[in-house]
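Close look at the chain arrangement
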Amino acid sequence: HNVITTYTKSGDNEWVWSATLESDLNEPITELGPANPADRVITFNTDGTVATGGTGLVTINSDLLDPALADNLTFQMDFSAIRQFAEGNSVVVRSQDGFASGALDSLAIDPAGNIIGSYSNGLTQQLGRVAIARFQNPPGLLQAGNTMFAESVNSGMAVVGTAGTEGFGKIMSNALEMSNVDLSQEFTDMIITQRGFQANSRIISSSDEMLQELVNLKR
């Protein structure tokens, strides 16, 4: 959204500024800034520096924005660096402390469990926090499959807290966990699979020998 600021000379050492919202949809020009013209007056000293009216508020109603926001968008204009001289005039924006709209690029989790979002405009923001639960008897948890466990009577109720506080561990982001599978079960499954493969191989060999014997009998 482009906001056009216009300066109109209204008297000796006095100018009135106005702001309008540029529209690409052939809609009427929307006036922004204070409704009272007296609040949009800038006066200058004889040396060209600003005497009064060095700042001004510009408000864009939420229904004029696309996409529409829940609240109006208000920002402050700083005219204190403007100088009045007896020559041709030009006004440029020297600096701004706002940021363009940004899209979420990536997520990161710090040791305290804070979920930090990084946006395309260079800003970062905390989006949430990962909670940690501990149990009085962790071995009493019920296996729910896929490395997931469920609370049981033996494990006790979950005590939920935050990482890094007393009694709770820290969160290690981007770390590879060592294998936590049941090795005995994995070896058992491997042996069963191997024996099944061997049995199938013997069946194929037996069938081949029987066919070969039939061929020999025919001869």
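See the structure printed just above.
Procedures and definitions
Residues numbered from 1 in each chain as written. Predicted model: local features only at pLDDT ≥ 70, side-chain atom pairs only at ≥ 80, totals over all residues. Heavy atoms only, no water. Core = buried A, V, L, I, M, F, W, Y, C linked by side-chain atoms within 4.5 Å. Buried < 20%, exposed > 50% of the residue type's maximum accessible area, 1.4 Å probe, protein only. Helix = DSSP H or I, 4+ residues; strand = E, 2+ residues; numbered from the N terminus. Phe/Tyr/Trp six-rings, centres within 6.5 Å; stacked < 30°, edge-to-face > 60°. Pairing = 2+ DSSP bridges. Axes fitted to C-alpha atoms, helices over the stretch in contact; angles between N-to-C directions.

**A few points about the nonpolar core**
- In terms of nonpolar packing, the biggest core is built from 13 residues, with Trp17, Leu32, Ile42, Val58 and Phe79 touching the most fellow members.
- Contributions of two or more residues to this core are made by strand E2 (14-21), strand E4 (41-44) and strand E6 (55-60).
- The biggest single contributor to this core is E2, with three residues.

**Overview of the packing of aromatic side chains**
- On inspection of all chains with the given rule, the structure shows two aromatic pairs.
- Considering the side-chain rings of Tyr7 and Phe79, the 6.1 Å spacing of their centres and the 90 degrees angle between planes classify their relative orientation as edge-to-face. Residue Tyr7 is found in strand E1 (residues 3-11), and its partner Phe79 is found in the loop between strand E7 (73-78) and strand E8 (104-109); the two are separated by 72 residues along the sequence.
- On the accessibility criterion, Tyr7 (25% relative accessible area) is partly exposed.

**Some words on the sheet that holds strand E10 (residues 124-129)**
- Taking strand neighbours across the sheet as the criterion, the three strands line up as E8-E9-E10 in an open arrangement whose pairing is antiparallel. For this open sheet the edge positions go to E8 and E10, each flanked by a neighbour on one side alone. The average undirected angle you get between the axes of adjacent strands in this sheet is 30 degrees.
- The pairing of strand E9 (residues 114-119) with E10 spans five bridges and is antiparallel. Bridge pairing in E10 places Ile115 opposite Gly128.

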